[in-house]
Amino acid sequence: MARARELKAGERPASAAGKAAALLFQHPSLRTKVSFDLAVHRLGGHPIYLGQQEVGLGAREPVPDVARVLERYVDVVIFRTSSHRTLEELARHACIPVVNALSDAEHPCQALADIMTALEHLGDLGGIRVTFVGDGNNCAASLALLTVALGGTFAIASPHGYHLPEGIVQRALGIAQETGGSFRQVEDPAEAVREADIVYTDVWVSMGQEGEAEKRRRAFAGYQVNEHLMALASPQARFLHPMPAHYGEEVPPGFLESRWSLAYEQAENRLHIQTALLEAMLAW
Ligand code: CP
């Protein structure tokens, strides 16, 4: 994160000239695709975008073969998939790094940019208090794990049936025990945001969940982050959203431009944190 801030301030990254990165994406993306592509360029490397139509991962050819072929050409695979199991399978069969660019289970690069944005606002991360309001999804999981790893306090308010997976809860509790952080899960957003430094939300209906859109909208009614909810948080609290936003659902129209929001800064920080990440992996 320190390195990402240096890069954001204008320091030149080390060179990864001659290195190549495959951007293997099974789903659409704006932020992740553009920021990783630019990050590889900034390091002097060569990014190669591969959509699902071209590769047919698991359909046109099996995952292990894709891994064994890509490792002969490139130095890192940046992979977006709806199946964390496929991500692990690809990583198991490749002898090069595989970066999670979003799976159904986690979105760790997003969480790094989220916490970097919080750090810029707060000045330091000691005792950071993060509250997530909404679906216990991949963004919430990675944010929970990173917050407690830093010794911070993580609270999440989700309706019944949409809590974080038990495996993530147990990992978060275990990490918190080691770091002095804390983790709690409630159903009342007002209770969860009390004293939060960062209030965070994400869409109620993610990619691939369109079939259950109406059911989800009913379940999440009352979980919108708006000015009334922000008024219950710490007076210095700021709002984060990984984007894209569904205005009128998890946030009111225009809320990403409100005085609380750091969402566009957060989107920019994807570029800096991922440049730092790839520099550590490739520039040697
Ligand atoms: N936040 C995020 O991952 O955005 P994209 O889906 O546009 O990459």
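Residues numbered from 1 in each chain as written. Predicted model: local features only at pLDDT ≥ 70, side-chain atom pairs only at ≥ 80, totals over all residues. Heavy atoms only, no water.

## Describing the overall build of the protein chain
Rule in force here: Per the convention used, a helix needs a DSSP run of H or I reaching at least four residues, while a strand needs a run of E reaching at least two, with both numbered from the N terminus. The reference for a compact globule is 2.2 Å times residues^0.38; the radius of gyration itself is calculated from the C-alpha atoms. Only protein chains enter the accessibility calculation, which uses a 1.4 Å probe. A residue is then buried if its area is under 20% of the maximum for its type, exposed if over 50%, and partly exposed in between. Between two residues, a contact is recorded if the distance between any of their heavy atoms is within 4.5 Å. With residues, only the protein chains shown are counted as cover, and all accessible areas are computed by Shrake-Rupley using a 1.4 Å probe.
The helix and strand inventory of the protein chain stands at 12 helices and 9 strands. In terms of C-alpha radius of gyration, the protein chain reaches 19 Å, essentially the compact-globule figure of 19 Å for 284 residues. Expressed as lengths along the three principal axes of its C-alpha atoms, the size of the protein chain is roughly 55 × 45 × 40 Å. When the 284 residues of the protein chain are sorted by exposure, 53% land in the buried category. By sequence separation, contacts in the protein chain at least 24 residues apart represent 71% of the contacts at least 6 residues apart. Accessible surface for the protein chain amounts to roughly 12700 Å². Of this, 52% is attributable to carbon and sulfur atoms.

## Some thoughts on the domain arrangement of the protein chain
This is how it is decided: Residue ranges for the domains trace back to a domain assignment, done automatically or taken from a database. Note: buried area is the sum, over both parts, of the accessible area (probe 1.4 Å) each one loses when the two are combined. Think of a salt bridge as a Lys or Arg side-chain nitrogen and an Asp or Glu carboxyl oxygen that are within 4 Å of each other.
Considered domain by domain, the protein chain is made up of domain 1 (2-104 + 271-282) and domain 2 (108-253). Each of domain 1 and domain 2 was reduced to a C-alpha centroid, and the two centroids are 26 Å apart. Contacts between the two partners involve 17 residues from domain 1 and, on the opposite side, 12 residues from domain 2. When residues of domain 1 are sorted by the area they lose upon contact with domain 2, Arg5, Arg31 and Ile273 head the list and together hold 47% of the total. The interface formed by domain 1 and domain 2 includes 1 salt bridge.

## Points about the sheet that holds strand β9 (residues 238-240)
In any sheet, the strands associate via hydrogen bonds between backbone groups, in a parallel or an antiparallel arrangement. Convention followed: Any two strands between which DSSP finds at least two bridges are classified as paired. Helix axes are fitted to C-alpha atoms over the stretch in contact, other axes to C-alpha atoms as well, and angles between N-to-C directions run from 0 to 180 degrees.
The 5 strands are arranged β7-β6-β5-β8-β9 in an open sheet whose pairing can be described as parallel. Each edge of the open sheet is held by one strand with a lone partner, namely β7 (182-186) and β9. Strand after strand, the sheet turns through a mean of 20 degrees between neighbouring axes, direction not considered. Here strand β6 (residues 153-157) pairs with β7 via 5 bridges, running parallel. Paired with Ile156 across the two strands is Gln185, which belongs to β7.

## Remarks on the state of the cysteines
Applied cut-off: Cysteine sulfur atoms are paired as a disulfide whenever they fall within 2.5 Å.
The final tally for this structure, using the stated rule, is 0 disulfides. Free cysteine Cys109: the closest other cysteine sulfur is in Cys139, separated by 11 Å. By relative accessible area, which is 4% here, Cys139 ends up buried.

## Here we look at helix α5 (residues 84-93)
Residues spaced three or four apart along an α-helix face the same direction, because each turn holds 3.6 residues. Applied cut-off: Arc definition: directions from the helix axis to the C-beta atoms.
Along α5, the residues classified as buried are His84, Thr86, Leu87 and Leu90. Here the buried residues of α5 occupy an arc of 160 degrees about the axis, which is enough to place them on one side. Set apart from the buried face of α5 by more than 90 degrees, the exposed residues are Arg85 and Arg92.

## Quick look at the site of the ligand
Selection criterion: Note on terminology: near, applied to a residue and a molecule or strand, indicates that one of the residue's heavy atoms is within 4 Å of it. Think of a polar contact as two N or O atoms within 3.5 Å of one another; within protein, one of them needs to be a possible hydrogen donor and the other a possible acceptor, and neighboring residues in sequence only count if both atoms come from side chains. In this classification, the charged set is Asp, Glu, Lys and Arg, the nonpolar set is Ala, Val, Leu, Ile, Met, Phe, Trp, Tyr, Cys and Pro, and all remaining amino acids, among them Gly, are polar.
Inspection of the region around the ligand gives Ser29, Leu30, Arg31, Thr32, Arg80, His107, Gln110, Pro242, Met243 and Arg270 as its neighbouring residues. A distance of 3.0 Å is found between a nitrogen atom of the ligand and a backbone nitrogen or oxygen belonging to Met243. Expressed as a share of its isolated accessible area of 260 Å², the protein-covered part of the ligand is 94%. Per-class residue counts for the shell around the ligand are 3 nonpolar, 4 polar and 3 charged.

## Thoughts on the side chain of Asn269
Secondary-structure assignment places Asn269 in helix α12 (residues 263-282). With a relative accessible area of 0%, Asn269 lands in the buried category. A distance of 3.0 Å separates polar atoms of two side chains, one belonging to Asn269 and the other to Thr117. When sequence neighbours within four positions are dropped, the list of residues in contact with Asn269 reads Lys8, Ala113, Met116, Thr117 and Glu120.

## Observations concerning the packing of helix α2 (residues 31-42) against α12
To be explicit about the condition: Orientation labels follow simple angle bins: below 35 degrees gives roughly parallel, above 145 gives roughly antiparallel, 65 to 115 gives roughly perpendicular, and whatever is left gives oblique. By the definition used in this description, the sense in which the near helix is turned from the far one sets the handedness, with an anticlockwise turn below a right angle giving left-handed and a clockwise turn giving right-handed.
Between α2 and α12, the shortest axis-to-axis distance is 8 Å and the interhelical angle comes to 45 degrees. Regarding the angle of α2 to α12, the classification is oblique. Seen from above, α2 lies across α12 with right-handed handedness. Counted together, Arg31, Thr32, Ser35, Phe36, Leu38, Ala39, Val40 and Arg42 of α2 and Ala267, Arg270, Leu271, His272, Gln274, Thr275 and Leu278 of α12 form the full contact between these two elements. Taken together, the residues of the contact of α2 with α12 break down into 7 nonpolar, 5 polar and 3 charged.

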